[in-house]
Amino acid sequence: MSRIFLLSGKFLLSRKFSLSGKFLLSRKFSLKHFLWSLAVVLTLTAWSVPAHAAEGFRVGTWKTAQTIAPFFYQDYLPGGAEVLSFTNPADQKTALLAGSLEMCGTTLAHAIHSASQGQPVVLVAALCNKCSALVVAKDGPVKSVADLKGRRIGYVPGTMHEILLREALTRSGLSPDTDVELMRVDFFDMGTALSRGSIDAFLSGEPFPTLAVREGYGRILAYPYYEDSVGTINAGMLTTRENVEKHPERVLELVRAHVKATLFLQKNPDAWLDKAVSFGTERAILDLAAENIELAWLIDENFVERAKALGARMEALKVIDRQPDYDALFDLSFVKKVREELGL
């Protein structure tokens, strides 16, 4: 069995190869064909080594200001860390379950969805809180969430932002399915769609809401955080049940590095935002967006209760059809151990 790894960090896939099948185009193949085939198989096999087999660590995340902590792990891990950047949590989770990552970022909504399907994923730390906003046209007629009735709203299905959008609409007496038109729009295209009038609103993560305000075509209508239910929880760090059971010492090292990196970034905002600039967003935008971003590491019983409230909303909104086993989804022991070590 060999794993194909695309260097863009976007997708990993397991696939079987045999010399009697894929690479043998005929029984009369040449020695040249055989050697080429063998070289390909050996190259692919090199990627099949589990992430924990090497001295260093392999971690996945997004290139955003709110999911930046893994890029600083190397300062706190003796063996170093290879950080692979992805564009969405689903691809990271796929790589994690394939054994090509030891830990990765995920939205809590995606983690709950995965666990509800019986996938062996475990949340071991928080990654970020807040980060979301509902945006409308700056000079448009929408003054409240209720004013969105009959209007077009950009969103990305299956994300934390979809859950928050549906929650905001429902709390304002609107049905997400009948009172508004939900339009699938990529995060990177939402600002353009709003400025051109193709949509009337969008809900996304930073820095896109701040960018809309800064460039003069958008206005923040609401921050969809509800303290009586989900609160501000957003994303966390995910590993597998196998890693927790067979390699707990490595999971602990990663969680320790995550906590230390996050604490450093919280105390050194210039280091945080200077690194985030390298991801392609101007510092002036990040300075403003940072007010709506909370880097995080702590998961505790209160965090789990917030996640359960999120899961309940997801089921009520028919995003999932059953609740996951939250005792299996969350493992607080690693964060608890690091807190004791660092006196936090």
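The model shown is predicted, which means the values in this text are computed figures rather than measured ones.

Engineer: Mind showing me how you'd approach the state of the cysteines here?
Structural biologist: A covalent bond between the sulfur atoms of two cysteines is referred to as a disulfide. Throughout the structure, instances matching the rule amount to 0 disulfides. There is no disulfide at C128, and the cysteine sulfur nearest it, in C131, is 4.0 Å away. Classification of C128 by relative accessible area gives buried; the value is 2%.

Engineer: I keep staring at the pairing of strand β7 (residues 132–137) and nothing clicks. Help me out?
Structural biologist: On any regular strand, side chains alternate: one points to one face of the sheet, the next to the other face. Counting buried positions over the 6 residues of β7 gives 5, a clear majority of the element. Where β7 and strand β10 (residues 201–205) come together, 5 bridges link them in antiparallel fashion. The residue of β10 that forms the bridge with L134 is L203. With 4 bridges connecting them, β7 and strand β11 (residues 218–222) associate as antiparallel partners. When the sheet's bridge partners are listed, L134 is paired in β11 with A222.

Engineer: Explain the pairing of strand β8 (residues 152–155) here, please?
Structural biologist: Two elements, β8 and strand β9 (residues 181–184), share 4 bridges in a ladder whose sense is parallel. Paired with G154 across the bridge in β9 is M183. As for the winding sense of the linkage, the β-α-β connection from β8 through helix α4 (residues 160–171) to β9 is right-handed.

Engineer: Sorry if this is basic, but what is going on with the sheet that holds strand β6 (residues 121–130) here?
Structural biologist: Backbone hydrogen bonds hold the strands of a sheet together, and the pairing may be parallel or antiparallel. The mixed open sheet is built from 6 strands, whose spatial order is β4-β3-β5-β12-β6-β13. Looking at the sheet topology across the chains shown, the edges are occupied by β4 (81–86) and β13 (293–295). Going from strand to strand, the sheet's axes swing by 30° on average, the running direction of each strand aside. The pairing of strand β3 (residues 57–62) with strand β5 (residues 103–107) spans 2 bridges and is classified as parallel. Note that in β5 the partner of G60 across the bridge is C104.

Engineer: Which parts of the structure should I look at to understand the confidence of the model for the protein?
Structural biologist: Low pLDDT means the predicted atomic positions in that stretch should not be read closely. Averaged over the protein, the pLDDT score is 86; the fraction of residues at 70 or greater is 84%. Note that pLDDT drops below 50 for residues 1–49; the model gives that stretch 55 contacts with residues more than four away or on any other chain.

Engineer: Mind showing me how you'd approach the pattern of salt bridges here?
Structural biologist: A side chain with one charge may pair with a side chain of the opposite charge, provided their charged atoms come close. Here the structure, examined in full by the defined rule, presents 16 salt bridges. Here D200 and R152 are joined by a salt bridge, their closest N and O atoms 3.3 Å apart. A residue pair is termed long-range when its members are at least 10 positions apart, and D200 in the loop between α5 (187–196) and β10 and R152 in strand β8 qualify at 48 residues. Judged by relative accessible area, which is 18%, D200 ranks as buried. Here R152 falls in the partly exposed class, since its relative accessible area comes to 28%. Residues R322 and D321 are paired through a salt bridge, measuring 3.4 Å at the closest nitrogen-oxygen approach.

Quick notes on the rules
Residues numbered from 1 in each chain as written. Predicted model: local features only at pLDDT ≥ 70, side-chain atom pairs only at ≥ 80, totals over all residues. Heavy atoms only, no water. Disulfide = S-S within 2.5 Å. Buried < 20%, exposed > 50% of the residue type's maximum accessible area, 1.4 Å probe, protein only. Helix = DSSP H or I, 4+ residues; strand = E, 2+ residues; numbered from the N terminus. Pairing = 2+ DSSP bridges. Right-handed = clockwise from strand over helix to strand, strands pointing away. Axes fitted to C-alpha atoms, helices over the stretch in contact; angles between N-to-C directions. pLDDT = per-residue confidence, 0-100. Contact = heavy atoms within 4.5 Å. Salt bridge = Lys/Arg side-chain N within 4 Å of Asp/Glu carboxyl O.

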